[in-house]
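# What the coordinates show
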Amino acid sequence: MVTNTPSRDAAIKYALDSRWEEASRENLKLLEENPNDIDTLNRLAYSFVKLGKYRKAKEYYQMVVALDKTNPIALKNLKRIDMISKNDFKKDEVKVSGIANFQDVFI
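This report concerns the structure included in the present document. (Residues numbered from 1 in each chain as written. Predicted model: local features only at pLDDT ≥ 70, side-chain atom pairs only at ≥ 80, totals over all residues. Heavy atoms only, no water.)

With respect to the helices and strands, Arg43 occurs in helix α3 (residues 38-50). At 3.0 Å, the side chain of Arg43 and the side chain of Asn27 are in polar contact. Of note is the side chain of Arg43, whose polar atom sits 3.1 Å from the side chain of Thr40. Ignoring anything within four residues of it in the chain, the contact list for Arg43 reads Arg8, Ala11, Ile12, Asn27 and Leu30. (Helix = DSSP H or I, 4+ residues; strand = E, 2+ residues; numbered from the N terminus. Polar contact = N/O pair within 3.5 Å; in protein donor to acceptor, adjacent residues only side chain to side chain. Contact = heavy atoms within 4.5 Å.)

Okay, structure coming up:
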């Protein structure tokens, strides 16, 4: 029997299988049930990182920090996103065609 009930185990399984789109969808469903679940927010943010959607990832990691100011996972990954953003910005300064790369990168 197939169920549409969101599952933490399914979300984790999708991530372990590198099925990031499915992992993000499953975690979004879980957030509808419990919007302040820190583990789900961290998993969702990480899936967005793996999909290259850094703005969304940063948004969800910031939500974690708003709930738990000392959350090591969110704090570590926010620093990584900032470093990625700075490195992409430096690369794009050199490339004339690099403007397309700005669509999902923080400045």
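Right, let's get into the side chain of Asn27. Locating Asn27 in the fold gives a position in helix α2 (residues 20-33). Note on Asn27: relative accessible area 1%, which makes it buried. Setting aside its immediate chain neighbours within four residues, Asn27 contacts Ala11, Thr40, Arg43 and Leu44. (Buried < 20%, exposed > 50% of the residue type's maximum accessible area, 1.4 Å probe, protein only.)

Time to look at the pattern of salt bridges. In the structure shown here, the tally under the stated rule is 5 salt bridges. Taking the shortest distance from any N to any O, the salt bridge between Asp82 and Lys58 comes out at 3.3 Å. Of the two residues, Asp82 sits in helix α5 (residues 72-94) while Lys58 sits in helix α4 (residues 54-67), which places them 24 residues apart along the sequence. With a relative accessible area of 28%, Asp82 lands in the partly exposed category. When its relative accessible area of 17% is taken as the criterion, Lys58 is described as buried. (Salt bridge = Lys/Arg side-chain N within 4 Å of Asp/Glu carboxyl O.)

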